[in-house]
Amino acid sequence: MWRRTANGKTLHFYLAGINNQNFLMRDKETGTWWQQITGKAIYGPMKGTALELISSDELTFGEWKSEISNGQVLAAVKKDAKEYDSNWEPEVAKLPVVISFTGTELKSRDVVVGLEVGGSARAYPWATLLKQSPIIDRVQGTPLLIAVGPDGKSFRAFVSRVDGKDAEFFLQNGTKDWALIDTTTASQWNFQGCAISGPSAGRCLDRISALKDYWFNWRNYHPDTTIYKH
Amino acid sequence: MHQSSERGSRGLWTLFAASSLACIGLFFVPAFIIRPFRYQSPRALSLALMVRQRAPLGTLVAALICLLLVLALWRIARTWQRIVLMVAMLLVAFSAVMARINYFEWMFHPVDSPQFEAETQSKLDSAEMIMAVRFGNDARAYPIREMAYHHIVNDMVGTEPVAVTY
């Protein structure tokens, strides 16, 4: 998700091409071409400009509803609604890929959660994340917490630091309510990254933008990415 | 006299061939390079975008030149030559039109003005994935099933102009 302003102009984007299975968009105002996954202008008057990433989440509708009030949901465009494919994920997974990267244990269409800290990119294989959530990791010296939500589908990444100190978390066992416990203060934290009980109650972790993507696409636009290994 | 007019018409034919090929190439070269399910090298991609950017004006100029040449050549052309002129002119016109059309939107229709419904009105299943963003009290969800079709939504969330992409 991008802030659609650049060089003081508000831009309107439209789909205008494809580059190795990741789409290109163009803005109506200047005709510049932008790469969707990086937000970078690759050709045209604004070449070299980068859009600013807006922090967003990939959640289930249920999780989102439980966190907000008076939310607005993008309505279906009536004439296109029949084209929305509830089965799009396995359908897309069957499409051929045009680039592949050997030398890793990941296959092109494996799903990863990718993030960038201080210019370093790391990919967390979705299958590993499901098994190990919450993952505690470190990229460029920054302690990270990557967690799959109570629904087993939503995910978020945080800076794993409480009151300036690195923190570790584990999933609370034995109760029906999903919560993370930090090992320093034994406070309970919810999926929004906020402590709901214990000494840290009221504090929230800083968020980190993370993107769910196919490995080949993440790797292609983050050539120096590392892969998380436990 | 006869020789010089023949030489002149040969010049016109050459010019026609060059301008019609230029016009057709201005559309087909980038369309061929940025076709789906094919690898695009960085160099080929920038060539495609450079040509595509110049194609609307370039095809127009080339098509007008072609049209003038057809008018000039028509009288002296034999039947088979007239057929060649017509077929070439059709391809030229097609290229000039296509250079102005965003055919990528034939497959993925844009959302011209995004409409929203209250979360309580939405019939979306709880297990459906959405992309979520929030500015102040303005919390919005974009169902991934819809985004996987439209790919881009230009929206205003609170006072923030946002491009939701998937």
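The shown structure was predicted, so the numbers you read here are calculated from the model rather than taken from an experiment.

Here we look at the overall build of chain A
Here's step 1: Summing up its helical and strand segments, chain A has 4 helices and 24 strands in all.
Here's step 2: Burial analysis of chain A (230 residues in total) assigns 39% to the buried set.
Here's step 3: The contacts of chain A with a sequence gap of at least 6 include a subset with a gap of at least 24, amounting to 42%.

Observations regarding the domain arrangement of chain A
Residues and elements named next belong to chain A.
Here's step 1: Taken domain by domain, chain A comprises domain 1 (2-53) and domain 2 (60-230).
Here's step 2: On a C-alpha basis, the centroid separation for the pair domain 1 and domain 2 is 26 Å.
Here's step 3: In this assembly, 6 residues from domain 1 lie in contact with 7 residues from domain 2.
Here's step 4: When the residues that make up the side of domain 1 that touches domain 2 are grouped by side-chain class, the tally is 2 nonpolar, 4 polar and no charged.

Details of the pairing of strand β14 (residues 142-148) of chain A
Residue and element names in this part refer to chain A.
Here's step 1: For β14, the tally of buried residues reaches 5 of 7 residues, placing the bulk of the element in the interior.
Here's step 2: The pairing of strand β13 (residues 135-139) with β14 spans 5 bridges and is antiparallel. Looking across to β14, one finds that Val 139 is bridged to Thr 142.
Here's step 3: The antiparallel pairing of β13 with β14 creates a hairpin that spans 2 residues between the two strands, and Gln 140 there sits at a positive phi of about 50 degrees.
Here's step 4: Of the strand pairs in this sheet, β14 and strand β15 (residues 155-159) are connected by 5 bridges, and their pairing is antiparallel. What sits directly across from Ala 147, in β15, is Arg 156.
Here's step 5: A loop of 6 residues connects β14 with β15, the two strands running antiparallel in sequence, and Gly 152 in this loop sits at a positive phi of about 75 degrees.

Considerations on the domain arrangement of chain B
Here's step 1: Considered domain by domain, chain B is made up of domain 1 (2-103) and domain 2 (108-166).
Here's step 2: For domain 1 of chain B versus domain 2 of chain B, the separation of C-alpha centres amounts to 42 Å.

Remarks on the sheet that holds strand β1 (residues 2-3) of chain A
Here's step 1: Across the sheet, 4 strands lie side by side as β8(A)-β1(A)-β5(B)-β4(B); this open sheet has antiparallel pairing. A single partner strand is all that each edge strand has here, and the edge strands are β8 (52-53) of chain A together with β4 (152-157) of chain B.
Here's step 2: Relative to strand β5 (residues 160-165) of chain B, β4(B) runs antiparallel, the two sharing 6 bridges. Bridge assignment links B:Asp155 to a residue of β5(B), and that residue is B:Val162.

A word on unusual backbone geometry
Residues and elements named next belong to chain A.
Here's step 1: In this structure, Pro 134 follows Ser 133 across a cis peptide bond, with omega equal to 0 degrees.
Here's step 2: Positive phi values are uncommon outside glycine, yet Asn 70 reaches one of about 55 degrees.
Here's step 3: Positioned with a positive phi, Ala 186 is a non-glycine residue whose angle comes to about 60 degrees.
Here's step 4: Relative to the elements of secondary structure, Ala 186 occurs in the loop between β19 (180-182) and β20 (188-189).

Re the nonpolar core
Side chains of nonpolar character tend, in soluble globular proteins, to be buried together.
Here's step 1: If you look at the biggest cluster of nonpolar residues, it comprises 43 residues, and the most contacted ones within it are A:Met25, B:Ile130, B:Ala132, B:Ala141, B:Tyr142 and B:Val164.
Here's step 2: If near-sequence neighbours (up to four positions away) are discounted, B:Ile130 is found in contact with A:Leu59, A:Phe61, A:Trp64, B:Ala141, B:Tyr142, B:Pro143 and B:Ile144.
Here's step 3: Within the second largest apolar cluster, 30 residues are counted, among which are A:Leu129, A:Phe155, A:Ala195 and A:Ile208.

What to know about the interface of chain A and chain B
Here's step 1: Between chain A and chain B, the contact holds 50 residues from the first and 55 residues from the second.
Here's step 2: Taken together, the elements giving at least two residues each to the side of chain A that touches chain B come down to β1, β4 (13-19), β5 (22-27), β9 (57-60), α1 (61-67) and β10 (72-74) of chain A.
Here's step 3: The leading source of residues in the side of chain A that touches chain B is β4(A), at 7 residues.
Here's step 4: Looking at the side of chain A that touches chain B residue by residue, the classes come out as 26 nonpolar, 16 polar and 8 charged.
Here's step 5: Here β10(A) runs beside strand β3 (residues 138-143) of chain B; their pairing, made up of 2 bridges, is parallel. Looking across to β3(B), one finds that A:Gln72 is bridged to B:Arg140.

Remarks on the packing of helix α2 (residues 42-74) of chain B against helix α3 (residues 79-98) of chain B
Residues and elements named next belong to chain B.
Here's step 1: Running from amino to carboxyl end, α2 crosses α3 at an angle of 165 degrees, the nearest separation of the two axes being 10 Å. On the basis of their axis angle, the class for α2 and α3 is roughly antiparallel. As for the relative orientation of α2 and α3, their crossing is left-handed in sense. Contacts between α2 and α3 involve Thr 59, Leu 60, Ala 63, Cys 66, Val 70, Leu 73 and Trp 74 from the former and Arg 82, Leu 85, Met 89, Val 92, Ala 93, Ser 95 and Ala 96 from the latter.

A short note on the confidence of the model for chain B
All names here are of chain B.
Here's step 1: Scored by pLDDT, chain B comes out at a mean of 92, with 98% of its residues at no less than 70.
Here's step 2: Element-level pLDDT for chain B is lowest in helix α4 (residues 104-107), with a mean of 83, against a maximum mean of 97 in α3.
Here's step 3: Here the complex is predicted with pTM 0.87, and the ipTM for its interfaces comes to 0.89.

Cut-offs used in this document
- Residues numbered from 1 in each chain as written.
- Chains lettered and ligands numbered in written order.
- Predicted model: local features only at pLDDT ≥ 70, side-chain atom pairs only at ≥ 80, totals over all residues.
- Helix = DSSP H or I, 4+ residues; strand = E, 2+ residues; numbered from the N terminus.
- Buried ≥ 20, exposed ≤ 12 C-beta atoms within 10 Å, placed from the backbone.
- Contact = placed C-beta atoms within 7 Å.
- Domains from an automatic or database assignment.
- Nonpolar A, V, L, I, M, F, W, Y, C, P; charged D, E, K, R; others polar.
- Pairing = 2+ DSSP bridges.
- Core = buried A, V, L, I, M, F, W, Y, C linked by C-beta atoms within 7 Å.
- Axes fitted to C-alpha atoms, helices over the stretch in contact; angles between N-to-C directions.
- Parallel < 35°, antiparallel > 145°, perpendicular 65-115°, else oblique.
- Left-handed = near helix turned anticlockwise from the far one by under 90°.
- pLDDT = per-residue confidence, 0-100.

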